[in-house]
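Residues per chain are reported as follows:
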2 protein chains.
Amino acid sequence: MPGERIPMRVKKRPVMSSNRFHSRVSRRAALSVLAALPALSGPLLPLPARAQTDPLPSWDDGAAKQAILNFVAAVTREGSADFVPPAERIATFDNDGTLWVEHPMYTQLAFALDRVKALAPMHPEWRDTQPFKAALDGDVKTLAESGEHGMVELVMATHAEMTTEEFQKIVTDWLANAHHPRFKRTYTELSYLPMIELLGYLRANGFKTFIVSGGGIEFMRPWTEQVYGVPPEQVVGSSIKTKFQMRDGRPELFRLAEVNFVDDNAGKPVGINEFVGRRPIAAFGNSDGDLQMLQWTTMSGGVRLGLLVHHTDAVREYAYDRNTSFGRLDKALDAAAPNRWVVVDMKREWKRIFAFE
Amino acid sequence: MPGERIPMRVKKRPVMSSNRFHSRVSRRAALSVLAALPALSGPLLPLPARAQTDPLPSWDDGAAKQAILNFVAAVTREGSADFVPPAERIATFDNDGTLWVEHPMYTQLAFALDRVKALAPMHPEWRDTQPFKAALDGDVKTLAESGEHGMVELVMATHAEMTTEEFQKIVTDWLANAHHPRFKRTYTELSYLPMIELLGYLRANGFKTFIVSGGGIEFMRPWTEQVYGVPPEQVVGSSIKTKFQMRDGRPELFRLAEVNFVDDNAGKPVGINEFVGRRPIAAFGNSDGDLQMLQWTTMSGGVRLGLLVHHTDAVREYAYDRNTSFGRLDKALDAAAPNRWVVVDMKREWKRIFAFE
């Protein structure tokens, strides 16, 4: 868990321009709760508890939360210059490190390593071939040294040469049983509660929420609806090519060992344009892989929201930014202040990180 | 207009299995209309006019319409074995020849030819280079002979080397002003009223409607929401590659002269899987380019709907199937009966074709 050894940078967070926006939505929610109460008189009328009407209860009442509330209030206020019609309220979320834990390794890599072990009996040659030998030996250092080329080899050997249906079943079965080495929880339990609240809050305000991840699109789609409320058709990700074929009179899509699209870095705005066809007005990430998505989203005129999750909590989760081998937050962190992106200090601003806490 | 010279095949249409389904939805709609009426007594109570409650008023009350109504009733009947949850009610529609007129040439080709003319002053070499010379001369025969290679050249010369924003504006401006050579109407006016009713009827029954077209994705997205009620994020189509770049401190997506994806034939199920990530339960097409989409949709167990629009009306629109140079309906027509796909006889089954009639 290299992230835990990284010295933390405490950075002053840039916030949305001012307090000129009020959280109209929160007040409206409070009013509707009041309206639904039975008509009790004076002292018997219970005050609606703050926790009941707060759309983001796991967020500390700090600058990040206020910036989110201000942004939503601004773009949903009909008649104002900042108003954005519901159809154009597109919000895009990175996945690894933004919606769920990405350390000590991407979940999809943990999946690939488990698949290498499961398939090893059919591939005796892997005992002497990198990166498979390293995968089988749990030799993370050699694996990391194999770089992107090594990762592609692992993915092709474990994600391809089967139908889309078969792959979906393998992913679903694995996620139901695999556990994170530190938290001893299933990986989907390691989704961030504050971000799930945020997804729901945006949807309640007419937003359409999309995942835009460097991870595999078919690795995510089997579970994003259940975990994040994001249906498969709103998931954008990296992919390998598939081929349509009839086999024994039945149509199938066969997964080929060939890269189709890499949805990371400059690929993210490309993927957004290809899959969504609209420019987002809010984007959420945690690493340099999200830099171009945040640029594309926020540098278009109008009130926009860019947000970075800064992993600053080595005790409850992990602490890493500029000096990690993956999920690195460096250029995007430098770009945050000039672009007025919100940087969430996980340690201070997330009261709870996981639902099981 | 070669299609008009093609002898018509009058083909017996296969229909959905039986009359065991009733149109519960229509009846429910009728009841709700009744419930909304003021409480009038006996003879003063107006009978709800059939046209008011019929969700498909431009469709003749024949086999095709009944098959559609039966299908929707079946998959929306809670508790029945055929019930499909709303989230899985995915319907995919081809565009050219299925939702709007594709003869005497694809609208996008008409657009490309007009663009060649507009750009010709900057390209004097086009006067002596095919397929540009043919495009400038209106020599459709030579154009057709240039085949797919020629088409790609035309598209690259007219659709690329600009930003996505610039292209969107060019398309929008062109569609507002260009007119169909026979009907003297704008191209979006040449969308089929029965199919627009069908799109709305499916959405009213919890379906999510997608366009899955061989046409250019960015050629369609600027107008599909207004014309079909299908938002950009539910349009799948062919595409060229784009590149993200910062220019003068502003992010942009630049369109490259390189094919990215061809969403036709076996590419349609591939595109559906990539963009939608769910298998449709209903698919609508009109040509062999839709064959694999209909196979992928209907050959998956459960009650499914496959439908082909058969262009049989040379008077009101066009008549063509097996012997046309594009939009050919041949293999898919043969596959219709064994797969129980609905074949719509446009001449007999569409009471109105266009809204302006």
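Presented here is an overview of the structure given in this document. (Residues numbered from 1 in each chain as written. Chains lettered and ligands numbered in written order. Predicted model: local features only at pLDDT ≥ 70, side-chain atom pairs only at ≥ 80, totals over all residues. Heavy atoms only, no water.)

## Re the layout of surface pockets
Residue and element names in this part refer to chain B. Going by this rule: Using protein atoms alone on a 1 Å grid, points that fit a 1.4 Å probe yet trap it form a cavity, whereas open point sets bounded by protein on both sides within 12 Å along at least five of seven lines form a pocket; residues with an atom within 4 Å of a point count as lining. Grid points are joined across faces, edges and corners, and a volume is the space filled by probe spheres set on the points. Strands here are runs of E lasting at least two residues and helices are runs of H or I lasting at least four, both read from the DSSP assignment and numbered beginning at the N terminus. Any residue outside Ala, Val, Leu, Ile, Met, Phe, Trp, Tyr, Cys, Pro, Asp, Glu, Lys and Arg is labelled polar, Gly included; the first ten of those are nonpolar and the last four are charged.
Quantified by volume, the second largest pocket comes out at close to 1400 Å³. If you go around the second largest pocket, you meet 47 residues; those closest to its centre are Tyr106, Glu148, Met151, Gly214 and Asp264. Among the elements of the structure, helix H4 (107-119), helix H6 (140-145), helix H7 (147-159), strand E3 (208-216), helix H10 (217-220), strand E4 (235-247) and strand E5 (250-261) are those that each provide at least two residues to the lining of the second largest pocket. The class makeup of the residues in the lining of the second largest pocket is 21 nonpolar, 15 polar and eleven charged.

## Brief notes about the pairing of strand E9 (residues 342-345) of chain A
In the case of a regular strand, side chains alternate between the two sheet surfaces. All names here are of chain A. Our working rule: Only protein chains enter the area calculation, which uses a 1.4 Å probe; residues under 20% of their type maximum are buried, those over 50% are exposed, and those in between are partly exposed. Pairing between two strands requires that DSSP report at least two bridges joining them.
The side-chain alternation of E9 yields two buried faces, one formed by Val342 and Val344 and the other by Val343 and Asp345. Pairing of strand E7 (residues 305-312) with E9 involves four bridges; the strand directions are parallel. For Leu308, the partnering residue across the bridge sits in E9 and is Val343.

## Notes on the interface of chain A and chain B
The condition is simple: Residues are treated as being in contact if the distance between any of their heavy atoms lies within 4.5 Å. Buried area is a sum: the accessible area each of two parts loses on coming together, probed at 1.4 Å, counted once for each and added. A side-chain nitrogen of Lys or Arg and a carboxyl oxygen of Asp or Glu constitute a salt bridge if their distance falls within 4 Å. Polar contacts, as used here, are pairs of N or O atoms within 3.5 Å; protein pairs need one atom able to donate a hydrogen and one able to accept it. Residues neighboring in sequence count only if both atoms are side-chain atoms.
Between chain A and chain B, the contact holds 38 residues from the first and 38 residues from the second. Summed over both partners, the interface of chain A with chain B buries about 3100 Å², with 51% contributed by carbon and sulfur atoms. Connecting chain A to chain B are eight salt bridges. Where Glu225 of chain B meets Arg278 of chain A, a salt bridge forms, and the shortest distance between an N and an O atom there is 3.2 Å. For the pair chain A and chain B, the interface holds 20 residue pairs in polar contact (both at pLDDT 80 or more). Looking at the side of chain A that touches chain B, the elements with two or more residues in it are helix H8 (164-177), strand E3 (208-216), helix H10 (217-220), strand E4 (235-247), strand E5 (250-261), helix H12 (267-275) and helix H13 (291-298) of chain A. Here the side of chain A that touches chain B is built from residues that sort into 16 nonpolar, ten polar and twelve charged.

## A word on the pairing of strand E6 (residues 282-285) of chain A
Residue and element names in this part refer to chain A. Of the two faces of E6, the one lined by Ala282 and Phe284 and the one lined by Ala283 and Gly285 are each fully buried. Sheet topology note: the strand E1 (residues 90-93)/E6 ladder contains three bridges and is parallel. Residue pairing in the sheet places Thr92 in a bridge with Ala283 of E6. Of the strand pairs in this sheet, E6 and E7 are connected by four bridges, and their pairing is parallel. The residue of E7 that forms the bridge with Phe284 is Leu307.

## Thoughts on the side chain of Thr92 of chain B
Residue and element names in this part refer to chain B. Positionally, Thr92 belongs in strand E1 (residues 90-93). Residue class for Thr92 comes out buried when judged on its relative accessible area of 0%. Not counting chain neighbours up to four residues away, the residues in contact with Thr92 comprise Phe210, Val212, Ile272, Pro280, Ala282, Ala283, Phe284, Met293 and Thr297.

## Here's the deal with the relation of the copies chain A and chain B
Here the two chain copies are tied together by a rotation about an axis and a shift along that axis. Inclusion rule: To superpose the copies, least squares is applied to the C-alpha atoms of every residue with a pLDDT of at least 70 in both.
Superposition record for chain A on chain B: RMSD 0.0 Å, screw rotation 180°, translation along axis 0.0 Å. Here the two chains are linked by the operation of a two-fold rotation axis. Considering only C-alpha atoms, the residue of chain A closest to the rotation axis is Phe275 of chain A, which sits at 3.2 Å. Both copies present the same face, since 100% of the interface residues in chain A are matched by interface residues at the equivalent positions in chain B.

## Topic: the packing of H4 of chain B against H7 of chain B
Residues and elements named next belong to chain B. Here is the rule: The convention used is that axes are lines fitted to C-alpha atoms, helices contributing only their stretch in contact, and that angles between N-to-C directions extend from 0 to 180 degrees. By the definition adopted for this analysis, an angle is roughly parallel if under 35 degrees, roughly antiparallel if over 145, roughly perpendicular if from 65 to 115, and oblique otherwise. Take the far helix as your reference; a near helix turned counterclockwise from it by less than a right angle gives a left-handed crossing, and one turned clockwise gives a right-handed crossing.
One way to put it is that H4 packs onto H7 with a least axis distance of 9 Å and a crossing angle of 60°. Compared by their axis directions, H4 and H7 come out oblique. Of the two possible hands of crossing, H4 and H7 adopt the one that is left-handed. Here H4 contributes Gln108, Leu109, Phe111, Ala112, Leu113, Arg115, Val116 and Leu119 to the contact with H7, which in turn contributes Met151, Leu154, Ala157, Thr158 and His159. Residue composition of the contact of H4 with H7, grouped by class: nine nonpolar, three polar and one charged.

## Considering H7 of chain B
Just so we agree on the cut-off: A helix is expected to reach a length of 1.5 Å times the quantity of its residues less one.
Here H7 of chain B is 13 residues long and its end C-alpha atoms lie 18 Å apart, about the 18 Å a rise of 1.5 Å per residue gives. Trailing H7 of chain B by a residue or two, Glu161 of chain B shows a phi angle of about 60°, which is positive.

## Thoughts on helix H9 (residues 193-204) of chain A
Residue and element names in this part refer to chain A. Spanning twelve residues, H9 covers 16 Å between terminal C-alpha atoms, matching the ideal 16 Å at 1.5 Å per step. Every buried residue of H9 is listed here: Leu193, Pro194, Met195, Glu197, Leu198, Leu199, Tyr201 and Leu202. Directly after H9, the chain includes Gly206, whose backbone phi takes a positive value near 85°.

## A word on the packing of aromatic side chains
For clarity, the cut-off: Aromatic pairing here means that ring centres of Phe, Tyr or Trp (its six-membered ring) are within 6.5 Å. Orientation follows from the plane angle: under 30 degrees is stacked, over 60 is edge-to-face, and everything else is tilted. Cation placement over rings: the criterion is NZ of Lys or CZ of Arg within 6 Å of the ring centroid and within 35° of the ring normal.
Within this structure, the stated rule accounts for 36 aromatic pairs over all chains. Between Phe111 of chain A and Phe219 of chain A the ring centres are 5.2 Å apart and the planes differ by 50°, which places this aromatic pair in the tilted class. Residue Phe111 of chain A is located in helix H4 (residues 107-119), and its partner Phe219 of chain A is located in helix H10; the two are separated by 108 residues in the primary sequence. Per residue, the accessibility class of Phe111 of chain A equals that of Phe219 of chain A, and both read buried. Ring pairs connect the aromatic residues Trp59, Phe183, Tyr192, Tyr318, Trp350, Phe354 and Phe356 of chain A, which therefore count as one cluster. Arg279 of chain A extends its terminal NZ or CZ atom over the ring of Trp296 of chain A, reaching a point 3.7 Å from the ring centre. Lying across the ring of Tyr318 of chain B, Arg182 of chain B places its NZ or CZ 4.9 Å from the centre.

## Side note on the pattern of salt bridges
Applying the stated rule across the entire model yields 38 salt bridges over all chains. Between Arg278 of chain A and Glu233 of chain B there is a salt bridge whose closest N-O contact spans 3.0 Å. Taken together, the residues span two chains, with Arg278 of chain A in the loop between H12 and E6 and Glu233 of chain B in the loop between helix H11 (224-228) and E4. This pair shows no difference in class: Arg278 of chain A is buried, exactly as Glu233 of chain B is. Among the salt bridges present, the one from Lys133 of chain B reaches Asp137 of chain B, with a minimum N-O distance of 2.9 Å. Linking Lys133 of chain B with Asp137 of chain B, this pair stays in helix H5 (residues 132-137), spanning four residues, or about one helical turn. Here the salt bridges share partners, and the residues they tie into one network are Lys208 and Arg278 of chain A together with Glu225 and Glu233 of chain B.

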